[in-house]
Each structure stands twice: as structure tokens, then as C-alpha cells.
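Structural overview for review
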Amino acid sequence: MRDDEPVVVHVHCRVEVVVDDPGAVTALAERQLRQADIDWADEADTLDEAAAALRADLPSALAGLVDPERLLTDVPGVRFRGAHCWAAPGEGQLTNRPSRDRPG
């Protein structure tokens, strides 16, 4: 490997959060969903159906708000390439959402 070749590193992080106001979380997730540039004609559900499903699923709403790209914002010489975020209620089943890939 040359000194000027980029190196791919996997950073693993587990974060536990306490949600004091689930309604605020799901409301923000719904607002972001409604503001997103999504062609609902190509989706299996409607915007209102997707918003209702999000309001009913706190882990999905929270996972949708997580922005792993911001973790490395101020780190020089590093560019974000992609991530996979998920949230689970306590010991429950995982709810996941793959992030958009940002090829370099």
C-alpha cells in the first residue's frame, strides 16, 4: 500500500439513549419524512400511511433521526462513506434502516 492510498476503517459504536419524550421524537421524524424529497408514486404506501407507521414505531423514528455522518464532521483527512443504524426497544427485536451510501 502506498502512503497516499486511503484506508477504509470500520468504527463500531453502541449508544444507549433515554427517550423522555417519545412524542417529540416521532413528531420530528414525521416532519423530516414529510419534508423529504420522496416520489411517493414509486412507494408501496402513501405519505400518510408511512407517517402513521413512523408515529407508531419509536425505534424506527429514532433510528431515522440518527446521523452518523456528523460524528466525523470536524476530523481532518476523513470522509464519511456509509453506515448502518438501528434502534431497539430495550431487549426487543432490532429495527433498522441502512444509511445512504456516500461513495468517495
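Described in the following lines is the structure provided in the data block. Keep in mind that what you see is a predicted model, and the values were worked out from it rather than measured. (Residues numbered from 1 in each chain as written. Predicted model: local features only at pLDDT ≥ 70, side-chain atom pairs only at ≥ 80, totals over all residues. Heavy atoms only, no water.)

1. Regarding a negative patch on the surface
Selection rule: Note on patches: the residues involved have over 30% relative accessible area and no salt bridge, like charges join within 9 Å, and the nonpolar side chains Val, Leu, Ile, Met, Phe, Trp and Tyr join within 5 Å. Throughout, the Shrake-Rupley method with a 1.4 Å probe supplies accessible areas, and for residues the shown protein chains are the sole cover considered. Criterion for a salt bridge: a side-chain nitrogen of Lys or Arg within 4 Å of a carboxyl oxygen of Asp or Glu. Working convention for charge: Lys and Arg count positive, Asp and Glu count negative, and His plus the chain ends are omitted. Charged groups are reduced to one reference atom each: NZ for lysine, CZ for arginine, CG for aspartic acid, CD for glutamic acid. Runs of H or I in DSSP of at least four residues are treated as helices and runs of E of at least two as strands, each being numbered from the N terminus. With a 1.4 Å probe rolled over the protein chains alone, any residue whose accessible area is under 20% of its type maximum counts as buried; one over 50% counts as exposed, and the rest are partly exposed.
Judged by side-chain charge, Asp37, Asp39, Asp42 and Glu43 come together as a negatively charged surface patch. Position of aspartate 37 relative to the elements: it lies in the loop between helix 1 (22–35) and helix 2 (47–55). Of the residues examined, aspartate 37 reaches a relative accessible area of 80% and is grouped as exposed.

2. Here we look at the nonpolar core
Formally: Residue types Ala, Val, Leu, Ile, Met, Phe, Trp, Tyr and Cys, when buried and joined through side-chain atoms within 4.5 Å, form a set referred to as a nonpolar core. Residues are treated as being in contact if the distance between any of their heavy atoms lies within 4.5 Å.
The biggest cluster of nonpolar side chains holds seven residues, and these are Val25, Ala29, Leu33, Ala50, Ala51, Leu54 and Ala61. Beyond its immediate stretch of four places on either side in the chain, alanine 29 contacts Leu54, Ala61 and Leu65.

3. Some points on the environment of leucine 33
Tracing the chain through its elements places leucine 33 in helix 1. The sequence separation of leucine 33 and leucine 54 amounts to 21 residues, and the corresponding C-alpha distance is 9.0 Å. Other than its neighbours up to four places away in sequence, leucine 33 contacts Ile38, Trp40, Leu47, Ala50, Ala51 and Leu54.

4. Focus on a nonpolar patch on the surface
Together, Leu71, Leu72, Val75 and Val78 make up an exposed nonpolar region whose accessible area comes to about 330 Å². Among the secondary structure elements, leucine 72 is positioned in the loop between helix 3 (58–65) and strand 1 (84–87).

5. Remarks on the packing of helix 1 against helix 3
Selection criterion: Only C-alpha atoms enter the line fits that serve as axes; for helices the fit covers just the stretch in contact. Angles between N-to-C directions range over 0 to 180 degrees. Each angle gets one of four labels, with under 35 degrees taken as roughly parallel, over 145 as roughly antiparallel, 65 to 115 as roughly perpendicular, and the rest as oblique. Crossing handedness: left-handed means the near helix sits turned counterclockwise from the far one by under a right angle, and right-handed means the same turn made clockwise.
Two elements in contact, helix 1 and helix 3, have axes whose closest approach is 9 Å; the angle formed by their N-to-C orientations is 60°. Here helix 3 runs oblique to helix 1, going by the angle between their axes. Both helix 1 and helix 3 take part in a crossing whose hand is left-handed. Here helix 1 contributes Pro22, Val25, Thr26, Leu28, Ala29 and Gln32 to the contact with helix 3, which in turn contributes Leu58, Ala61, Leu62 and Leu65.

6. Quick word on the pattern of salt bridges
Counted according to the given criterion, the structure contains three salt bridges. Close ionic contact of glutamate 30 with arginine 55 constitutes a salt bridge, the shortest N to O distance being 2.9 Å. Here glutamate 30 is found in helix 1, whereas its partner arginine 55 is found in helix 2, with 25 residues between them in sequence. By relative accessible area, glutamate 30 is classed as buried at 14%. The class for arginine 55 is partly exposed, based on a relative accessible area of 42%. Among the charged side chains, a salt-bridge network with shared partners connects Glu30, Arg34, Asp48 and Arg55.

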